[in-house]
Amino acid sequence: MIGKCFKALVSVICAFIGVQSAKNLRYDFEHGRATVFAIAGILMTITFLAAIYGLVQVVMMYVQYWG
Amino acid sequence: MTKALTLALSLLSAPAWADWQINMNKGVTALSREIFDLHMLIFWICVVIGVAVFGVMFYSIFKFRKSKGAVSEHWHENTTVEVVWTVIPSIILIAMAIPATATLMDMYDTSEADVEIQVTGYQWKWRYQYLDEDIDYFSNLATPREEITNEASKNPNYLLEVDNPLVIPANKKVRFLITANDVIHSWWVPHFAVKKDAIPGFINESWVKVEEPGVYRGQCTELCGKDHGFMPVVVEVKSESDYQQWVSDQRAMKLAMAGEASKEFSMDELVAKGEGVYNTACAGCHQPNGQGIPGAFPAITGSTIATGAIDAHVDIIVNGKPGTAMQAFKEQLSAVDIAAVVTYQRNALGNSVGDLVQPNTIQN
């Protein structure tokens, strides 16, 4: 189960950067469950927003030295 | 052959290129140079990426061409390559965001200004109000009409000259509060790297700190109606002492104008003065000959207002006519100017009513 969830999460991450192999795609459609993908998608969206926020903080930190 | 060679050589010569500037201005402020440097940095990053990507592409097209027996490979994906070409651009974008954010933050930092000026766009002129001084005036196009109508040769500052330039001190931080009175305009001085929309009901901010005294020219850069191309921006940067002198001159001029308003003028004086006011403030719409533009701007010649009751004539100039292009001129013209232009319109441009109005009547 954990393995399947992990695979779903990896697939969602791949979707975020627009990269996926045909083999994994077939696997997901044959073995995956929609709910797991939906939850992984929501989790990744939250992580993505947090990452953008963090990134802005990092850029702003550099800006202090730059300017 | 000789012709082609001459042409090629002339293209390489420096003056030809000087006329052919297509890059941004470096400008005359620390901020404008910072913006220029950022622009060049991003530009060269794009050039390197472009050369690399197109280089690989054209090399592959040439090296693996069909005539050399190349056979296409059939495959669906290569995850590693795809990840690499997603991650690398992301890193480049983030790296570019650092200097870009630093420059943007400088551009938006309007704090601790030494001089604050409200810039208001009007159809088709600029108004400059110095918030800490009691200085408030309009800046109108000063290019002679004969140059516009091709009756005289055009001077180098054609359509880039005004009667009252904006005056600011050198080496002082000047903050601009930019807005508009009627439609959207945009205040642009390329050498300052300042271009801000002037929007009715909104105040946009910008700032400048010019190191060297000089005259810098710009234009309205948001299509704002018939005379959009006839409302230039001219900024005169003066040394600190010259600027202080200018400020005190403005105050003295204001006092002199207040004194003039109580004077009695003769018909000839008013008509002579009125002609100048008419050409600056009215001729843009009502035309220099007073004929107007049928269907758009009414004629002054023979108009019921300019030949009717003088009070109504004064009223429409002072308060404008809501719902039409006729502006209220009470903010733009002095009592003397209004008296002069009313008298001029009634006794020139084909009208001969024979009456006049004095500035003190306007003031009351």
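Here, the structure is the one placed above.
So, here is what we can say about the structure in this document. Residue indices begin from 1 for each chain and proceed along its sequence in written order. Naming scheme: in the order in which they are written, chains are lettered from A and ligands are numbered from 1. The model is predicted, so local features are restricted to residues of pLDDT at least 70 and side-chain atom pairs to those at 80 or more, both for listing and for counting; the totals for chains, interfaces and linings are taken over all residues. Excluded from the side-chain calculation are hydrogens and water; included are all heavy atoms of the structure.

Note on conventions: DSSP H or I runs of at least 4 residues are helices, E runs of at least 2 residues are strands, and numbering of each starts at the N terminus. Helix and strand content of chain B: 11 helices and 10 strands. Radius of gyration here uses only the C-alpha atoms, and the compact-globule reference equals 2.2 Å multiplied by the residue count raised to the power 0.38. Its C-alpha atoms give chain B a radius of gyration of 28 Å, more than 25% over the compact-globule value 21 Å for 364 residues. The principal-axis extent of the C-alpha atoms belonging to chain B is close to 95 × 50 × 45 Å. Note on exposure labels: buried denotes an accessible area under 20% of the residue type's maximum, exposed denotes more than 50%, and partly exposed covers the range between, all computed with a 1.4 Å probe on protein chains only. Taking all 364 residues of chain B together, 37% fall into the buried category.

Residues and elements named next belong to chain B. Every buried residue of helix α9 (residues 310-319) is accounted for by Ile310, His313, Val314, Ile316, Ile317 and Val318. When checking whether two residues touch, look at their non-hydrogen atoms; a contact exists if any pair is within 4.5 Å. Contacts from the buried residues of α9 go to α8 (304-307), α10 (335-347) and α11 (359-363). Where α9 ends, the next residue or the one after it, glycine 320, has phi of about 70 degrees, a positive value.

Right, let's talk about the nonpolar core for a bit. All names here are of chain B. Nine residue types can take part in a nonpolar core, namely buried Ala, Val, Leu, Ile, Met, Phe, Trp, Tyr and Cys, and a core is a set of them joined through side-chain atoms within 4.5 Å. Ile117, Tyr128, Tyr130, Leu166, Ile168, Trp187 and Phe192 are the most contacted members of the largest nonpolar core, which totals 37 residues. Broken down by element, the residue count for this core peaks at 4 residues, all from strand β5 (residues 174-180). Discounting chain neighbours no more than four positions away, the residues touching isoleucine 168 are Ile117, Val174, Phe192, Val208, Val210, Val235, Glu236, Val237, Lys238 and Tyr243. Membership of the second largest hydrophobic core comes to 30 residues, among which are Ile316, Ala335, Ala340 and Leu349.

Time to look at the sheet that holds strand β4 (residues 166-169) of chain B. Residue and element names in this part refer to chain B. Two strands make a pair as long as DSSP finds a minimum of two bridges between them. With mixed pairing, 5 strands are arranged side by side in an open sheet as β4-β10-β9-β6-β7. The open sheet is flanked by β4 and β7 (194-198), the only strands paired with a single partner. Across the sheet, the mean angle separating the axes of adjacent strands is 25 degrees when strand polarity is ignored. Here strand β6 (residues 185-189) runs beside β7; their pairing, made up of 5 bridges, is antiparallel. By the bridge assignment for β7, serine 186 is matched with aspartate 197. Note on definitions: angles span 0 to 180 degrees between N-to-C directions of axes, and those axes are lines fitted to C-alpha atoms, for helices only across the stretch in contact.

On the side of chain B, 13 residues touch chain A, which itself brings 11 residues to the contact. Accessible area that two parts lose when put together, evaluated with a 1.4 Å probe and summed over both, is termed the buried area. Summing the contributions of chain A and of chain B, the shared interface buries around 1,100 Å²; its carbon and sulfur component is 83%. We define a salt bridge as a side-chain nitrogen of Lys or Arg found within 4 Å of a carboxyl oxygen belonging to Asp or Glu. One can count 0 salt bridges joining chain A with chain B. Pairs of N or O atoms are called polar contacts if they sit within 3.5 Å, as long as, within protein, a hydrogen donor faces a hydrogen acceptor (for residues adjacent in sequence, only side-chain-to-side-chain pairs). In this structure, the connection of chain A to chain B is made through 1 residue pair in polar contact (both at pLDDT 80 or more). Broken down by element, the residue count for the side of chain A that touches chain B peaks at 6 residues, all from helix α3 (residues 34-66) of chain A.

On to unusual backbone geometry, then. Residues and elements named next belong to chain B. Looking along the chain, the bond that leaves glutamine 123 and enters tryptophan 124 is cis, with omega of 0 degrees. Here tryptophan 124 is to be found in the loop between β1 (115-122) and β2 (125-130). Here glutamine 287, not a glycine, exhibits a phi torsion of approximately 75 degrees, which is positive.

What follows is about the pairing of β6(B). Residues and elements named next belong to chain B. Here β6 lies mainly inside the structure; 4 of its 5 residues are buried. Between the end of β6 and the start of β7, which pair antiparallel, lie 4 residues, with alanine 193 showing a positive phi angle near 55 degrees. By the bridge criterion, 2 bridges tie β6 to strand β9 (residues 214-220) in an arrangement that is antiparallel. Following the sheet pairing, tryptophan 187 is matched in β9 by cysteine 220.

Here we take up the sheet that holds strand β8 (residues 204-208) of chain B. All names here are of chain B. Within the open sheet, the 5 strands sit side by side as β3-β2-β1-β5-β8. Their pairing is mixed. Every other strand in the sheet has two partners, leaving β3 (135-139) and β8 as the edge strands with one partner each. Going from strand to strand, the sheet's axes swing by 25 degrees on average, the running direction of each strand aside. The sheet contact formed by β1 and β5 spans 7 bridges and is parallel. Considered in β5, the bridge of threonine 120 is made with threonine 179.

What follows concerns the packing of helix α1 (residues 2-17) of chain A against helix α2 (residues 22-31) of chain A. For any two helices packed against each other, the geometry comes down to the angle between their axes and how far apart the axes lie. All names here are of chain A. Between α1 and α2, the least distance of the axes is 11 Å, while the angle of their chain directions is 130 degrees. When the axes of α1 and α2 are compared, the pair comes out oblique. The crossing of α1 and α2 is left-handed. Contact residues: α1 offers Lys4, Lys7 and Ser11, while α2 offers Asn24, Tyr27, Asp28 and His31. Working definition: roughly parallel below 35 degrees, roughly antiparallel above 145 degrees, roughly perpendicular at 65 to 115 degrees, and oblique for all remaining angles. Handedness of each helix crossing follows the sense of rotation of the near helix against the far helix: counterclockwise by less than a right angle gives left-handed, clockwise gives right-handed.

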